[in-house]
Amino acid sequence: MKHLFLLICSVILGLSAMAQTKDVADSLYQKEDYQQAAKAYEGILSKQGVAAEIYYNLGNCYYKLENIPLAILNYERALVLSPGDGDIRSNLAFARGKTIDKVTPATEMFFITWWRNFTHFQSLTAWAYAAVASFVLALIGLLFYFFAYNINVRKIGFYSALFFLFLVLLTNLAAYSQYNEIANHTGAIVMDAAVTVKSSPSENSTDLFVIHEGSKVEILDSSMQSWIEVKFEEGKQGWIPVKAVEII
């Protein structure tokens, strides 16, 4: 019991400290001291762990400081943790609008796009809560089906149980899809002003094209020490130096 009490106290104190630190960072942002606010938000991330709201606020700081690559990087990190947040998506779109490279995404099957948009509708935690709630409601429906005396109530319980069991399956699939995306995400943001994409991992290889800061890439091969193979959102791919990007 003593250990449990100490654990609860430490958690409460930790949350309180984070809230106080965030209040300081928010105050600096409101005073338009964006440089110091950015340092404060980065301190929260390094000491307290990642959080979508902190990444979002940090992205806002860098946007105000006109550091578009870092703004995009932090908006993208916030979006990974909270893909259903409209404010994050909106600010990310504004920031990406200030990049040099205007990308036309590669086409894909409509149902792939639909499923991605559906799974991104809300956060992983929200999907988990929805799955648990659906399971509880399915059990309640089964209880009505097995124990109600009225035949109409039993029918309602039966079909309600089927419906909520379907939701259990759907929400679990959405949660798993989003978890898998978070756990295995390979996105990165180009941080250098301009990077020449090569045909192979060598300075002497053929120049393919040039990509600029703020562009998003997907890492295909990171087995080389100084080079990574990447694919761009419009489908083109090639090799660039590792130091030219920052992992989302």
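Residues numbered from 1 in each chain as written. Predicted model: local features only at pLDDT ≥ 70, side-chain atom pairs only at ≥ 80, totals over all residues. Heavy atoms only, no water.

Taking 1.5 Å of rise per residue, 15 residues should cover 21 Å, and helix H2 (residues 34-48) covers 20 Å from first to last C-alpha, within 8% of that figure. By the burial criterion, the buried members of H2 are Tyr 34, Ala 37, Ala 38, Ala 40, Tyr 41, Ile 44 and Leu 45. Projected onto a plane normal to the axis of H2, the buried residues spread over an arc of 160° and lie on a single side. Facing away from the buried side of H2, by more than 90 degrees, are the exposed residues Ser 46 and Lys 47. With its phi angle positive at about 100°, Gly 49 sits one or two positions after the end of H2. (Helix = DSSP H or I, 4+ residues; strand = E, 2+ residues; numbered from the N terminus. Expected span 1.5 Å × (residues − 1). Buried < 20%, exposed > 50% of the residue type's maximum accessible area, 1.4 Å probe, protein only. Arc of directions from axis to C-beta.)

Applying the stated criterion across every chain, the model contains 6 salt bridges. Put simply, Lys 216 and Glu 76 hold a salt bridge, and the shortest N to O gap is 3.4 Å. In this pair, Lys 216 sits in strand S4 (residues 216-221) while Glu 76 sits in helix H4 (residues 68-81), placing the two residues 140 residues apart along the sequence. Owing to a relative accessible area of 26%, Lys 216 belongs among the partly exposed residues under this scheme. Taking the relative accessible area as the measure of exposure, Glu 76 reaches 4% and is therefore buried. Between Asp 207 and Lys 198 there is a salt bridge; the shortest N-O distance is 2.5 Å. Its relative accessible area of 49% is what places Asp 207 among the partly exposed residues. Through salt bridges with shared partners, a single network forms among Lys 22, Asp 26 and Glu 53. (Salt bridge = Lys/Arg side-chain N within 4 Å of Asp/Glu carboxyl O.)

What follows covers the confidence of the model for the protein chain. Of the residues in the protein chain, 90% have a pLDDT of 70 or more, and the chain-wide mean is 87. Taken element by element, the predicted model of the protein chain shows its lowest mean pLDDT in helix H1 (residues 2-30) (62) and its highest in helix H3 (residues 52-64) (96). The low-confidence segment residues 2-13 (pLDDT under 50) makes 0 contacts with residues lying over four places distant or belonging to another chain. (pLDDT = per-residue confidence, 0-100. Contact = heavy atoms within 4.5 Å.)

As a further point, take the nonpolar core. Core analysis: the largest hydrophobic core is formed by 26 residues, its most contacted members being Tyr 41, Ile 54, Leu 58, Ile 72 and Tyr 75. Of all the secondary structure elements, the ones that give two or more residues to this core are H2, H3, H4 and helix H5 (86-96). Sequence-distant contacts of Ile 72, that is, excluding residues within four places in its chain, are made with Leu 92, Ala 95, Arg 96, Thr 99, Ile 189 and Gly 214. One finds Ala 188, Ile 211, Val 230 and Ala 244 within the second-largest nonpolar core, a separate group that totals 14 residues. (Core = buried A, V, L, I, M, F, W, Y, C linked by side-chain atoms within 4.5 Å.)

Attention shifts here to the packing of aromatic side chains. Enumeration over the complete set of coordinates arrives at 11 aromatic pairs. Measuring from ring centre to ring centre gives 5.3 Å for Phe 209 and Phe 232, while their planes differ by 70°; the resulting arrangement is edge-to-face. Placement of the pair is Phe 209 in strand S3 (residues 207-212) and Phe 232 in strand S5 (residues 227-232), with a sequence separation of 23 residues. The pair Phe 209 / Phe 232 is uniform in exposure class, with both members buried. One aromatic cluster is present, formed by Trp 114, Trp 115, Phe 118 and Trp 127 through successive ring pairs. Over the ring of Tyr 145 we find Arg 154, and its NZ or CZ is 5.3 Å from the ring centre. The ring of Phe 209 carries Lys 236 above its face, with NZ or CZ at 4.1 Å from the centroid. (Phe/Tyr/Trp six-rings, centres within 6.5 Å; stacked < 30°, edge-to-face > 60°. Lys NZ or Arg CZ within 6 Å of the ring centre and 35° of its normal.)

Take the side chain of Thr 171 next. Relative to the elements of secondary structure, Thr 171 occurs in helix H8 (residues 151-183). A relative accessible area of 6% means that Thr 171 is categorised as buried. Not counting chain neighbours up to four residues away, the residues in contact with Thr 171 comprise Trp 127, Ala 130 and Ala 131.

With that out of the way, let us pick up unusual backbone geometry. Residues other than glycine seldom take positive phi values, yet Glu 32 does so here, at roughly 65°. Tracing the chain through its elements places Glu 32 in the loop between H1 and H2. We classify Glu 32 as exposed; its relative accessible area is 58%. With phi around 60°, Glu 66 is a residue other than glycine that occupies positive phi space. In this structure, Glu 66 sits in the loop between H3 and H4.

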